[in-house]
Each structure stands twice: as C-alpha cells, then as structure tokens.
Amino acid sequence: MKPSPRLSLNNGVLIDQLGFGLYKVPPADAPGLVTMAIEAGYRHFDTAAMYGNETGVGRGIGTLSGFTPGDDTRGGSGESSPALSREDLFITTKLWNDDHGYDATLRAFDTSISNLGLEYVDLYLVHWPCARRGLYTESYRALETLYREGKVRAIGVSNFQPAHLEHLLETAEVVPAVNQVELHPWLQQAELRSLHGKLGITTEGWSPLGRGQALKDPVVLALAAEHGRTAAQIILRWHVQLGNVAIPKASSYARIRENLDVFGFSLDATDMADLAALERGFRTGSHPDAVN
Ligand code: NDP
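The shown structure was predicted, so the numbers you read here are calculated from the model rather than taken from an experiment.

(A) Representation of unusual backbone geometry. The phi dihedral of cysteine 130 falls on the positive side, at around 50°, and the residue is not glycine. Mapped onto the elements, cysteine 130 comes out in the loop between strand E6 (121-126) and helix H4 (136-148). Of the residues examined, cysteine 130 reaches a relative accessible area of 0% and is grouped as buried. Within the chain, arginine 211 stands out as a residue other than glycine whose phi angle is a positive 55°. For arginine 211, the location among the structural elements is in the loop between strand E9 (202-206) and helix H7 (218-227).

This is how it looks when you write it as structure tokens:
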C-alpha cells in the first residue's frame, strides 16, 4: 500500500497527511492498535493527555515491530513488520484544559512526555482555547518555550476559531503550525481554512469521517459506488485533495488499512463540488465556545 504523502508545516517539519486518531481508545487497547496501524503503514499518531492512553501509545510505538504477520485476530496481512526508528514516526499530543497557564503547561508537558516514554514529541497542541479561563496565550507561551528548547518539533492549537487565532497572534512569536478542528463533509470549516491559508497554518481535521456518521451520506455513497471505493475512502480522499491533514480512528485491521488506501485514485472537480455542497454545519463534538 502507498504510504501517506507528507505536507510541510510552516517551519519545514514534515507531517503525514493521514494519521491515526486515538480518542476513546482504551489504554489497554492502545499498544495493539498502534502496532497494527504501524504495520498497515501509518507513521503519524494523534493522542492527548485527556485521552488517558499516552502510556499505551508509548508502549505501541516502543514495540514498533510487535505485529505478528498472519495473526488472524488482527487481519493476517502477511506483511512484514517494519523496523522503524523514532525519526520515522510523528507523534502529536495535547495540553488538557485544566492545565492552562504557563507553569502548569510546562508541568503537563513533562507528564505527557514521561507517559509516552519519549524525549520529544513532534507536535504539541493547546487542545481547546477555553476562552473563559483567559489563559491560552500564556499556555501557548509555554509551548514556545518547549519549542525553543527542542522538546517539540512543532507547536499549534486545536479548536481555535478565527477570533482566538487573531488574539493569539497579537502576542505569539511562533505562528502555530497547525489548527486541529472538527472537519468533515458536513462541517467543512471554509472560513477557517481560508484564514489558515493566509496565516500559513496547516488545517488538521478531527473526526474526519464525522465520527462515522458522514459515511451514510447518499452523495458519499453514490461516489463510492462510482469509484468502486468505500464511503470512508471517498471522504478521506476528499480531505487529502483539500490539502488537509486528517486523523481517522478505526478499531479493526481491515478498516485501518482501508482508511490509508486512498492514494491510488482521485476525485475530479465535479466530485469535489458535489462533496462541497454537503456542508450543513453539523458538529459531532462540542462547539469551542462551549468548552471551558
Ligand atoms: P472519526 O471521524 O475518525 O470516526 C471514527 C468512527 O468511524 C469510529 O466509530 C470508527 O469505528 C468508524 N470508522 C472508521 N473507519 C471506518 C471505515 N473504514 N468504515 C466504517 N466505519 C469506520 O472520529 P473520531 O472522533 O475518532 O476522530 C478521529 C480522531 O480525531 C480522534 O481519534 C482524535 O485523535 C481526534 N480528535 C480530536 C479532537 C480535538 O478536540 N482535538 C476531538 C475529537 C477527536 P470503529 O472504531 O468501530 O472501527
């Protein structure tokens, strides 16, 4: 299977366009899922302090070649286990809301990196702006410190709306490399994507499949039939062609592979326009203003 293409972040660090999301993955399942995803070809993993599975993710990436080819419980691909080094992987984690503030952020980062068992992470994000706490600029200043100290290769934010980005940029010295936001055909974030383009921020879509719900959209299903692909592949291909990063989560080896197998076909302009017309402002998760 073709590996994911990479995008260059605004500081030159490369990120796989398709990564693997780990929200709601129980800690005990994380090592096996991460190892399986590595076997399938993923190199980019998205976790967070709040997910409670950083230790399990760390175990999975530490194992690196723990997948047993031919193990039927995992799909039995027969592919060989890759021998990877840390530099081959891209690991994102995130600062949780209760840890906002300069000193608290530095402490939270130490806990995350210790749980992951890593010396550095590739991307560290402020998980939510939590505007009512009024501390996200201070938290971000701590991310800038971590960046200068070489403990993170890139820093960014998540769930920031235009007003949060604009306020942050009044004091930030490092433009966020990424804004990770809910993004799928039913919530396309056109205004944010346009702003990101102007600011040099990479758009990363969370719940890229609309938490599975957008897979039943009739237009998506029609395109899937037309291309001989699955609904998930149509949506993930759409993300790739928009130039976004996307981090689908899946629980079986078959789906994990399916979601990465989107580089052997393309959607034409009419397909992309049909998908663009699906915007309906539908959120599977919280609105950023509701999280504090
Ligand atoms: P997704 O849009 O990735 O959808 C996941 C759901 O789709 C699961 O129920 C999964 O089922 C199902 N699914 C996956 N692949 C297929 C397939 N090929 N065919 C059919 N069903 C499929 O939603 P998530 O909410 O998990 O988002 C992805 C990641 O985004 C998270 O894991 C997390 O890393 C990140 N995230 C970040 C947030 C933030 O605030 N920054 C908030 C929420 C998520 P099953 O698991 O049973 O296979």
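Next comes the rest of the description.
(B) Up close: the environment of tyrosine 23. Relative to the assigned elements, tyrosine 23 resides in the loop between strand E3 (20-21) and helix H1 (30-40). Among the residues examined, tyrosine 23 registers a relative accessible area of 31% and is labelled partly exposed. For the pair tyrosine 23 and lysine 249, spaced 226 residues apart in sequence, the C-alpha separation works out to 7.5 Å. Each residue touching tyrosine 23, except ones within four places of it in the same chain, is listed here: Met50, Tyr51, Arg211 and Lys249.

(C) Structural detail: the nonpolar core. Core analysis: the biggest nonpolar cluster contains 68 residues, and Phe45, Tyr124 and Ile256 have the highest contact counts within it. The residues touching isoleucine 256, leaving out its near neighbours within four places in the chain, are Phe20, Leu33, Met36, Ala37, Ala40, Tyr42 and Ala250. Listed in part, the eleven residues of the second largest apolar core include Leu7, Phe90, Leu125 and Val178.

(D) Quick peek at helix H9 (residues 253-260). Along H9, the residues that are buried comprise Tyr253, Ile256, Asn259 and Leu260. Axial view of H9: buried residues confined to an arc of 135°, hence all on one face. Exposed residues on H9 whose side chains face more than 90 degrees from its buried face are Ala254 and Arg255. In this structure, the buried residues of H9 make contact with E3, H1 and helix H8 (231-242).

(E) Summary view of the site of the ligand. Of all residues adjacent to the ligand, which total 28 residues, the nearest are Asp46, Gln180, Ser207, Leu209 and Ser251. Between an oxygen atom of the ligand and a side-chain N or O atom of arginine 211, the distance comes to 2.8 Å. Applying the majority rule of atoms within 2 Å of the grid points places the ligand in the largest pocket. Top element by residues in the shell around the ligand is H9. It accounts for three residues. Classifying every residue of the shell around the ligand gives twelve nonpolar, ten polar and six charged.

(F) Just the confidence of the model for the chain, in detail. When pLDDT is averaged along the chain, the result is 93; 93% of the residues meet or exceed 70. Ranking the elements of the chain by mean pLDDT puts helix H2 (residues 54-63) last with 92 and strand E7 (residues 152-158) first with 99. In the model, residues 65-80 has pLDDT below 50 throughout and makes 29 contacts with residues more than four positions away in sequence or in other chains.

(G) Geometry of the packing of aromatic side chains. Evaluation of the coordinates by the stated rule reveals seven aromatic pairs. On the numbers, 4.9 Å between centres and 70° between planes, the contact of phenylalanine 109 with tyrosine 124 is edge-to-face. Here phenylalanine 109, found in helix H3 (residues 102-116), pairs with tyrosine 124, found in strand E6; they are 15 residues apart in sequence, far enough to count as distant. One aromatic cluster in this structure is built from Phe20, Tyr42 and Phe45. Lying over the aromatic face of tyrosine 120, arginine 86 brings its terminal NZ or CZ to 4.0 Å of the ring centre. Its guanidinium or amino end placed over the ring of phenylalanine 265, arginine 237 lies 6.0 Å from that ring's centre, counting from NZ or CZ.

(H) A look at a positive patch on the surface. Taken together, the side chains of Lys24, Arg211, Lys249 and Arg255 make up a positively charged region of the molecular surface. For arginine 211, a relative accessible area of 39% corresponds to the partly exposed category.

(I) Just the packing of H7 against helix H10 (residues 269-276), in detail. The geometry of H7 relative to H10 is characterised by a closest axis approach of 10 Å and an angle of 160° between their N-to-C directions. When the interaxial angle is binned, H7 and H10 end up roughly antiparallel. In this structure, the crossing between H7 and H10 has a hand that is left-handed. Residues Val219, Val220, Leu223, Glu226 and His227 of H7 touch H10, and the partners they reach there are Asp271, Asp274 and Leu275. Taken together, the residues that form the contact of H7 with H10 break down as four nonpolar, one polar and three charged.

Here is what the cut-offs are and how they apply
Residues numbered from 1 in each chain as written. Predicted model: local features only at pLDDT ≥ 70, side-chain atom pairs only at ≥ 80, totals over all residues. Heavy atoms only, no water. Helix = DSSP H or I, 4+ residues; strand = E, 2+ residues; numbered from the N terminus. Buried < 20%, exposed > 50% of the residue type's maximum accessible area, 1.4 Å probe, protein only. Contact = heavy atoms within 4.5 Å. Core = buried A, V, L, I, M, F, W, Y, C linked by side-chain atoms within 4.5 Å. Arc of directions from axis to C-beta. Near = heavy atom within 4 Å. Polar contact = N/O pair within 3.5 Å; in protein donor to acceptor, adjacent residues only side chain to side chain. 1 Å grid on protein atoms, 1.4 Å probe; cavity = no way out; pocket = protein on both sides within 12 Å on 5 of 7 lines; lining within 4 Å. Sits in = over half its atoms within 2 Å of the grid points. Nonpolar A, V, L, I, M, F, W, Y, C, P; charged D, E, K, R; others polar. pLDDT = per-residue confidence, 0-100. Phe/Tyr/Trp six-rings, centres within 6.5 Å; stacked < 30°, edge-to-face > 60°. Lys NZ or Arg CZ within 6 Å of the ring centre and 35° of its normal. Patch = residues over 30% accessible without salt bridge, like charges linked within 9 Å, V, L, I, M, F, W, Y side chains within 5 Å. Areas by Shrake-Rupley, 256 points an atom, 1.4 Å probe, with all protein chains shown as cover. Salt bridge = Lys/Arg side-chain N within 4 Å of Asp/Glu carboxyl O. Lys, Arg positive; Asp, Glu negative; His and termini not counted. Charge placed at Lys NZ, Arg CZ, Asp CG, Glu CD. Axes fitted to C-alpha atoms, helices over the stretch in contact; angles between N-to-C directions. Parallel < 35°, antiparallel > 145°, perpendicular 65-115°, else oblique. Left-handed = near helix turned anticlockwise from the far one by under 90°.

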